[in-house]
Amino acid sequence: AGEPVMNRIVVPEVLDGLAGDDPAALRSRRDLRRVHRAMGTRSVVVRALKDMTSSWPKMPPRRVLELGAGDGSQMLGVARSLAARWPKIELTLLDAQALLAPETLRGFTALGWTVSTDITDVFDWSARPVETASEDPVSPHWDLIVTNLFLHHFEGERLITLLAAIAARGERFFACEPRRGRMALAGSHLIGAIGAGPVTRVDAVLSVRAGFRGNELTTLWPDVGDVWQTQESSAGLFSHCFRAEPIGVT
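These lines cover the structure that appears in this document, whether it is placed above or below. Please read these numbers as outputs of a predicted model, since none were measured by experiment. (Residues numbered from 1 in each chain as written. Predicted model: local features only at pLDDT ≥ 70, side-chain atom pairs only at ≥ 80, totals over all residues. Heavy atoms only, no water.)

What follows concerns helix α1 (residues 23-39). Under the 1.5 Å per step criterion, the end-to-end length of α1 is 24 Å for 17 residues, consistent within 8% with the ideal 24 Å. Within α1, burial applies to A25, S28, R29, D31, V35, H36 and M39. The buried residues of α1 occupy an angular sector of 165° when the element is viewed end-on, so they sit on one face. Of the exposed residues in α1, the ones pointing more than 90 degrees away from its buried face are P23 and R37. Close packing links the buried residues of α1 with α2 (41-54), α3 (73-82), α8 (198-209) and β7 (239-246). (Helix = DSSP H or I, 4+ residues; strand = E, 2+ residues; numbered from the N terminus. Expected span 1.5 Å × (residues − 1). Buried < 20%, exposed > 50% of the residue type's maximum accessible area, 1.4 Å probe, protein only. Arc of directions from axis to C-beta. Contact = heavy atoms within 4.5 Å.)

Below you can see the structure in the form of structure tokens.
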């Protein structure tokens, strides 16, 4: 509160331009696990999803999609915390690169979760037709769509297009993004203290500058037929959360 507002600046991050097997990319993904631990991302996501589950009218979600899933390790940590509440989840991990390791897949399987991967650009995904036939068992519609540190890569019409696609394909949505603020920016400059390499040190700063605050995502979320209720909030010094659920959820 009272923190000076920084203009949002979105530029390509270094990791996004690296091949999946590039040694610098491999190190950066290892660094991201440290970053998630430092930010407490898993706890933030688990708390939010448990709260959303408490308002589910009948049962926990069955079909879950993660956008920008990366190597799946972050979602596996979330799954381990939720598996007792969320049994037999059908999880789809969408990413532009095939990064899911066999040991991560085995981790999901041990929890009773069925995992599939969708290796595609998220805007190719958003352009796919939305199936509405109730008898279609593979209709691309999810009970819950989640994403972590992903939306901040986009701005303008691309971000609006992505949010509209999410709203058309999911019953509920949750995102955990970088918080854009002076304290978070200062922290991003110190990321080397937790052992982050050069790619992550650059990208951490870029992520904060491209992050969100206030109700910025709410203003871009489609309000088709006034069917959505949204909520945005900061989580600690470094995270900004956004959730969207149907109006009238009790």
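Let's pick the thread back up.
Time to look at the sheet that holds strand β2 (residues 90-95). Here 7 strands make up an open sheet; going across it, the order is β3-β2-β1-β4-β5-β7-β6 and the pairing mixed. Single-partner strands in this sheet number two, and they are β3 (114-119) and β6 (228-235). When strand polarity is set aside, the average angle formed by the axes of neighbouring strands in this sheet is 15°. Pairing of strand β4 (residues 144-148) with strand β5 (residues 173-178), which is carried by 4 bridges, proceeds in the parallel orientation. Following the sheet pairing, V146 is matched in β5 by F174. (Pairing = 2+ DSSP bridges. Axes fitted to C-alpha atoms, helices over the stretch in contact; angles between N-to-C directions.)

In this section: the side chain of E66. Among the secondary structure elements, E66 is positioned in strand β1 (residues 63-67). One buried charged residue, E66, remains without a salt bridge, the closest side chain of opposite sign being R33 at 12 Å. Contact partners of E66, with chain neighbours within four places excluded, come to M75, T92, L93, L94, V146 and N148. (Lys, Arg positive; Asp, Glu negative; His and termini not counted. Salt bridge = Lys/Arg side-chain N within 4 Å of Asp/Glu carboxyl O.)

Before going further, it helps to examine the environment of A98. Mapped onto the fold, A98 is located in the loop between β2 and α4 (102-110). Residues A98 and D71 lie 27 residues apart in sequence; the distance between their C-alpha atoms is 7.8 Å.

Another aspect to go through is the nonpolar core. Ranked by internal contacts, the top residues of the largest apolar core, which has 27 residues, are L49, W86, L91, F108, W113 and F174. Within the residue set of this core, elements represented by two or more residues are α2, α3, β2, β4 and β5. Tallying contributions element by element places α2 first for this core, with 6 residues. If we skip the residues at most four places from it in the chain, L91 touches V64, M75, F108, W113, T114, V115 and S116. In terms of nonpolar packing, the next biggest core, distinct from the first, is built from 25 residues, L94, F154, L163 and A167 among them. (Core = buried A, V, L, I, M, F, W, Y, C linked by side-chain atoms within 4.5 Å.)

Within the structure shown, the criterion is met by 8 aromatic pairs. Between W221 and F242 the ring centres are 5.5 Å apart and the planes differ by 55°, which places this aromatic pair in the tilted class. Placement of the pair is W221 in the loop between α8 and β6 and F242 in strand β7, with a sequence separation of 21 residues. Residue W221 is classed as buried on the basis of its relative accessible area, which comes to 7%. Judged by relative accessible area, which is 1%, F242 ranks as buried. Across from the ring centre of W125, 5.4 Å away, lies the NZ or CZ of R169, which sits over that ring. (Phe/Tyr/Trp six-rings, centres within 6.5 Å; stacked < 30°, edge-to-face > 60°. Lys NZ or Arg CZ within 6 Å of the ring centre and 35° of its normal.)

Mapping S28 onto the fold places it in helix α1. The contact partners of S28, leaving out residues within four places of it in the chain, are L15, V199 and T200.

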